[in-house]
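Structural description and commentary
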Amino acid sequence: MRKKVILAVAALLAASTAIPAWAAASGQVVGLRRLSEQEYRNSIADIFGKDITVQGMFEPQVRMGGLVATSTAVLSVTPTGFESFSKMADAIAIQVTDQKHRAKLVSCTPKSPKEPDDACASEFFSRYGLLLFRRPLTDTELKARVTLARTMTKASGDFYTGLRYGLAELVQSPNFLFRKELGVPAGKVFTLEPYSRASRLSFLMWDTTPDKELLDAAQTGELNSAAGLEKQISRLIASPRLDSGMRAFFSDMLELDTFDNVSKDALIYPKWGGAMAPSAREETLRTTVNLALHDNGDMRDLMTTRKTFINRSMAAIYDVDFTFDSEWMPYEFPKDSGRSGVVTQVSMLSMFSHPGQSSPTKRGVALMDIFLCEPTPTPPANVDFSAINDTSGPLKTVRQRLLAHATTPTCASCHTHSDPIGLSLEGFDTIGQRRLTENGQPIDLTATIKGKTFKDGAGLGQFLHDDPKYPACMARKLYAYGTGLNSEDVETSSFKTAYKTFVDSGYRMRALIKGLAESPEFFNTPAPVSADASNGQTKLALH
Amino acid sequence: MTLHRRTLLRGLFQGSAAVMGVPFLDCFLDSKGQALAATGQRLPTRFSTFFYGLGLTTQLWVPKKTGLDYDTTSQLQPLEPFKKKMNVFSGMRVMVDDNPNFQHWSGNAAIVTGIAPTKASQFDSKTIDQTIADVISRGSRFKTVAAAASGDPKHCYSSLGGANTLPAEPTPLALYTRLFGPGFQDPSKADWKPDPQVMLQQSVLSAVADERKDFMKNLGGTDKDRMDQYFTSVREAEVQIAAELQRPEVVAKVAIPASPGDMVVNYALPNVRQVTPLMAKLGALAMATDQTRVFNLAISEPGSNIYVPGDPLGYHITTHMEAIDQTLGYQPRVAKYNVYSMELLAATLKELDSIPEGDGTLLDHSLVMAYSDQSYAKIHAVDGIPIMLAGNANGRMKTGYHIAGGGAPVSRVGLTVQKIMGLGVDGWGKGSMETKSAYPELLA
């Protein structure tokens, strides 16, 4: 088996000298992922510069197995979505080739600005084709764009108009909008060819298209050797751009996009205004990235830290004086604040609540899934919830009503699983403000999960901090995020190496990323079932 | 050429004096008074869907009498002005067979595909609006257009199949811009001529389409389906561009209103009430000017999160948590929310009905299908989901009926819709919902 791997790698290396490795690899497609909005935006900014504006509608994504990243391996482009991509591509191409940018972005000067110049067009399209497709264009692909530009130049009498339309074509091509991952046989499994490796690494760590150096490393075959890989991974990790990569990951893992459709009842909670949701999201991202990368902290502390960052909006909810000149200030909650890590931040508390009332069930279900990778099944269709809502009777607090309801055996199995987490957070209302009573009754904040009893948000934070399922869940989600697999289908063995590195490092995020990227499982996939052999009916083994 | 009838629509769009002429010249009528377009073709029949979450309360909405002249129930009261222009269906069954009843999904998915979904949040086939658009949308600029009145582009139950849904325009401004922003060509302009740039765009799109063969190589089954959708989308963009090169068939005398500007679009009922008619109006204008012939409007998702300010729970949670009033025998707060849905449907129909066209109104030349995800939301029941078909479909649908389904598969409604829209279909649906029986009494 080892010999086969070496042969496959040798074949790739040999191929890379004469013809592009990508073309020679003739690999099987083992993954096909639609670019996310942020990946698209970051790619365009990196390739053409930040002053090229990207304006338009992106197709919504959906959450699968706890991550929207997974849906990129399932979703396609709808007619409405393509219409938007097509317009955006043209708007980008117009900017890149306009008077203002052409000197910088078009590296050659045409013989005449009014006539086709195949040599200059060819230089332009091979340069940007490589960056947009994340691999070199084949000769045929390059020729097609040069021909298109020539036709357009002739029709318009302007060389740059020809470039514009050729570039617009590249930016709406499926080769840009989808990351096609190719695998080559390596023993019993398939392993990604170098350009697909470059993309997987770059999107995982920087949330953007691979840079020139990474693409060069793919071209030379460096990404097929352990040493070469290690070098590139270390470079990516050492870069400050790891911040944006991890913001993207944590934004997905912590489900912060939920804010896109959370509305709070202004009549009951007038404090909640338009600035709240983006501020709460930003607070959590700052806290998380700061702990993970700037402090190089123990990721378990995300559940217990009282350190955070607040702006004026968040200060209002936390009832803290905001006496800072800049927009955000680091802040540490006092010991008796009841706050403990991200689980007691406004984001988590408000996203998983009703418009005007907290919901222990919503909070419990969400946190179990996000931090422990334990999804709760949907309730049976025919359930009578009315007892939970009757505050006129003897059951005054949500806890009393919820417990009454959870004594029904069919309900109990799930509610004893998810509710305790939520009940311990009942000291916070639907927008995350602290409270001590509900309908005049003091709130009982005790909870028992898996035989462990604790109290309030701080108790919950400590419980999660100490549960080894939490860091294991983070490793599982990072693996799923990087590969596009569904976290619920991922085998524990696939991220075992990465998890061990994580544990051994004292739960440092960089160690987890490095361990993951360097483990063979990150690039290996099961052999795809040939579509032709099964009349196109069989799904890819990978999906 | 003079306009015999002229309607002015004023003040709708942030106080700007929007003026719109009748989108059809009455001089083009055939001997029966049927509307004709400038080319002598009949006015196209348009198709719309109106999605509302969480159904209605059976004992408050189902009329006792069936057929014509049925009794108007309290929950159908808001639709009274349109009673003669619509049909209501009670007692239609969603048969899930061996599939789970996915809460807030199986019902609406079955209504628009005739198939019980095998996965939550996915469609097992193309949805009915897309099937209809394949046939009726030729020549119009957009094959279909969708809008979401509580602001989430995901609230659209229109799909080429699978997990993708066509994104809806989430604000009136976005909807306006898509329809009447760049690329819109006023068909009534005297100096109408095709934009030469559009022709160049066409070459770009055909270059993208040419990538198909290479890109599809070595793809597995699922990925092949996904890329089929992508290239279908490219093809539709090509058709759209081709349509922009033609002078629109319907000669509409239209002054397009000013942009509606930014507004808050979310689940709060007062906002939904403001946004729904505005979106309906824009959709109606789009159909009147042949920008599209298929318009999908959703006021919320299934399991609607719409809330009345002051109600801490909102619509969805209320359906599950509110006790049944022992005297009344139903959930009173839920019943109120139900009625809001019908009011929003009525507001939507009103917009279509207020655009005169040829021998009637835009509504008369449309078929509007209103549907929901549940019948009795408290227990996620899907049998008896209330469905309404409004509009006369250019004389192709008889109206004024209450059809009591008596447990007939819900796909019979979808089949009837397709026959009315002129699709050559004999049967529709799968499994227990496979049917060859339309409702003949509705076919004119």
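Residues numbered from 1 in each chain as written. Chains lettered and ligands numbered in written order. Predicted model: local features only at pLDDT ≥ 70, side-chain atom pairs only at ≥ 80, totals over all residues.

1. Comments concerning the overall build of chain B
- Regarding its fold elements, chain B presents 11 helices and 10 strands.
- In chain B, which comprises 444 residues, the proportion classed as buried is 57%.
- Considering only residue pairs separated by 6 or more positions, chain B has 69% of its internal contacts joining residues 24 or more positions apart. (Helix = DSSP H or I, 4+ residues; strand = E, 2+ residues; numbered from the N terminus. Buried ≥ 20, exposed ≤ 12 C-beta atoms within 10 Å, placed from the backbone. Contact = placed C-beta atoms within 7 Å.)

2. Considerations on the overall build of chain A
- Assigned secondary structure in chain A consists of 24 helices and 10 strands.
- Every one of the 543 residues in chain A was classed for burial, and the buried ones make up 54%.
- Relative to all contacts within chain A whose residues are 6 or more apart in sequence, the contacts with residues 24 or more apart total 68%.

3. Remarks on the sheet that holds strand S8 (residues 366-371) of chain B
Residues and elements named next belong to chain B.
- Ordered by their spatial adjacency, eight strands build an open sheet running S2-S10-S3-S9-S8-S1-S5-S4, and the pairing between neighbours is mixed. Taken across any chain shown, the strands that pair with only one partner, and hence form the sheet edges, are strand S2 (67-68) and strand S4 (145-148).
- Of the strand pairs in this sheet, strand S1 (residues 46-51) and strand S5 (residues 294-298) are connected by five bridges, and their pairing is parallel. What sits directly across from Ser48, in S5, is Phe295.
- The strands touched by helix H11 (residues 411-420) are strand S3 (86-90), S8 and strand S9 (387-390); relative to S8, the strand with the most contacts, the crossing angle is about 165°. (Pairing = 2+ DSSP bridges. Axes fitted to C-alpha atoms, helices over the stretch in contact; angles between N-to-C directions.)

4. Focus on the environment of Leu460(A)
All names here are of chain A.
- Turning to its location among the elements, Leu460 is positioned in helix H21 (residues 456-466).
- Taking the number of C-beta atoms within 10 Å as the measure of exposure, Leu460 has 28 and is therefore buried.
- Taking the C-alpha atoms as reference points, Leu460 and Ser239, separated by 221 residues in sequence, lie 34 Å from one another.
- When sequence neighbours within four positions are dropped, the list of residues in contact with Leu460 reads Ser340, Val343, Ile421, Ser424, Leu425 and Phe454.

5. Side note on the domain arrangement of chain B
Residue and element names in this part refer to chain B.
- Here chain B is partitioned into domain 1 (46-188 + 248-442) and domain 2 (193-246).
- Distance from the C-alpha centre of domain 1 to the C-alpha centre of domain 2: 30 Å.
- On the domain 2 side, the residues contacting the 10 residues of domain 1 number eight residues.
- Residue classes in the side of domain 1 that touches domain 2 are distributed as two nonpolar, six polar and two charged. (Domains from an automatic or database assignment. Nonpolar A, V, L, I, M, F, W, Y, C, P; charged D, E, K, R; others polar.)

6. A short note on the interface of chain B and chain A
- Counting from both sides, the interface comprises 51 residues of chain B and, opposite them, 58 residues of chain A.
- Those elements that provide at least two residues to the side of chain B that touches chain A are helix H5 (196-209), helix H7 (221-244) and helix H9 (314-321) of chain B.
- When residues in the side of chain B that touches chain A are grouped by element, the largest group, 12 residues, is from H7(B).
- Class assignment for the residues of the side of chain B that touches chain A results in 25 nonpolar, 16 polar and 10 charged.

7. Brief notes about the sheet that holds strand S3 (residues 189-192) of chain A
Residues and elements named next belong to chain A.
- Read across the sheet, four strands follow the order S1-S2-S3-S10 without closing on themselves; strand pairing throughout is antiparallel. The two strands at the open ends of the sheet, each matched to only one other strand, are strand S1 (28-34) and strand S10 (524-525).
- Here six bridges tie S1 to strand S2 (residues 178-186), and the two strands are oriented antiparallel to one another. Bridging from a neighbouring strand, Leu32 pairs with Lys180 of S2.

8. Focus: the domain arrangement of chain A
All names here are of chain A.
- When cut into domains, chain A gives domain 1 (2-239) and domain 2 (248-466).
- Across the contact, six residues belong to domain 1 and six residues belong to domain 2.
- Tallied by class, the residues present in the side of domain 1 that touches domain 2 amount to three nonpolar, two polar and one charged.

9. So, the packing of H5(B) against H7(B)
Residue and element names in this part refer to chain B.
- The geometry of H5 relative to H7 is characterised by a closest axis approach of 10 Å and an angle of 165° between their N-to-C directions. The angle between H5 and H7 falls in the class roughly antiparallel. Note on packing geometry: the crossing formed by H5 with H7 is left-handed. Residues Val198, Gln201, Gln202, Leu205, Ser206, Val208 and Ala209 of H5 form the contact with H7, whose own contacting residues are Phe231, Val234, Arg235, Ala237, Glu238, Ile241 and Glu244.
- Residues that form the contact of H5 with H7 fall into these classes: eight nonpolar, three polar and three charged. (Parallel < 35°, antiparallel > 145°, perpendicular 65-115°, else oblique. Left-handed = near helix turned anticlockwise from the far one by under 90°.)

10. Brief notes about helix H23 (residues 496-504) of chain A
Residue and element names in this part refer to chain A.
- Those residues of H23 that sit buried are Ala498, Tyr499, Thr501 and Phe502. The arc enclosing the buried residues of H23, seen along the axis, measures out at 160°, which places them on a common side.
- Check the buried side of H23 and you find it contacts helix H22 (469-483) and helix H24 (509-518).
- Among the residues trailing H23, Gly506 stands out with phi positive, at a value near 80°. (Arc of directions from axis to C-beta.)

11. A look at the nonpolar core
- Val171(A), Ala475(A), Leu512(A) and Leu516(A) are the most contacted members of the largest nonpolar core, which totals 152 residues.
- Excluding residues that lie within four positions of it along the chain, Leu512(A) makes contacts with Ala475(A), Leu478(A), Ala498(A), Thr501(A) and Phe502(A).
- The next biggest cluster of nonpolar side chains, apart from the first, holds 106 residues, and it includes Val145(B), Leu285(B), Met287(B) and Trp428(B). (Core = buried A, V, L, I, M, F, W, Y, C linked by C-beta atoms within 7 Å.)

12. Some thoughts on the pairing of strand S4 (residues 307-310) of chain A
All names here are of chain A.
- Of the two faces of S4, only one is covered, namely that formed by Thr308 and Ile310; the face formed by Lys307 and Phe309 stays uncovered.
- Judged from the four bridges that link them, S4 and strand S5 (residues 329-332) form a sheet pairing that is antiparallel. Pairing of Thr308 across the sheet is with Tyr331, part of S5.

13. Here we look at unusual backbone geometry
Residue and element names in this part refer to chain A.
- Non-glycine residue Arg134 carries a positive phi angle of around 65°.
- Mapped onto the fold, Arg134 is located in the loop between helix H6 (118-133) and helix H7 (139-156).
- At Asn296, a position not held by glycine, the phi torsion is positive, near 45°.
- Note on placement: Asn296 falls in the loop between helix H14 (276-294) and S4.
- By the C-beta count within 10 Å, which is 13 here, Asn296 ends up partly exposed.

14. Digging into the pairing of S1(B)
Residues and elements named next belong to chain B.
- Counting buried positions over the six residues of S1 gives six, a clear majority of the element.
- Side chains Arg46, Ser48 and Phe50 project from S1 onto one buried face, and the interleaved Phe47, Thr49 and Phe51 project onto a second face that is buried too.
- Pairing of S1 with S8, which is carried by six bridges, proceeds in the parallel orientation. Bridging from a neighbouring strand, Phe47 pairs with Leu367 of S8.

15. Some points on the packing of helix H4 (residues 79-97) of chain A against H7(B)
- Packing of H4(A) against H7(B) leaves a shortest axis separation of 8 Å and a crossing angle of 65°. As summarised for this structure, H4(A) and H7(B) are arranged roughly perpendicular, according to the angle between their axes. The two elements H4(A) and H7(B) cross, and the hand of that crossing is right-handed. Residues Pro79(A), Gly81(A), Phe82(A), Glu83(A) and Ser86(A) of H4(A) form the contact with H7(B), whose own contacting residues are Ser233(B), Val234(B), Glu236(B) and Ala237(B).
- When the residues that make up the contact of H4(A) with H7(B) are grouped by side-chain class, the tally is four nonpolar, three polar and two charged.

16. Focus: H21(A)
- Across the 11 residues of H21(A), eight count as buried, placing the element largely inside the fold.
- The set of residues buried in H21(A) consists of Asp456(A), Gly457(A), Ala458(A), Leu460(A), Gly461(A), Phe463(A), Leu464(A) and His465(A).

17. Remarks on the confidence of the model for chain A
Residue and element names in this part refer to chain A.
- Put simply, chain A has an average pLDDT of 88, and 88% of its residues get 70 or more.
- Segment residues 1-25 is flagged for pLDDT under 50; beyond a separation of four residues in sequence, or across chains, it makes 39 contacts in the model.
- Ignoring residues within four places in sequence, the model shows residues 531-543, a span with pLDDT below 50, making 30 contacts including any to other chains. (pLDDT = per-residue confidence, 0-100.)

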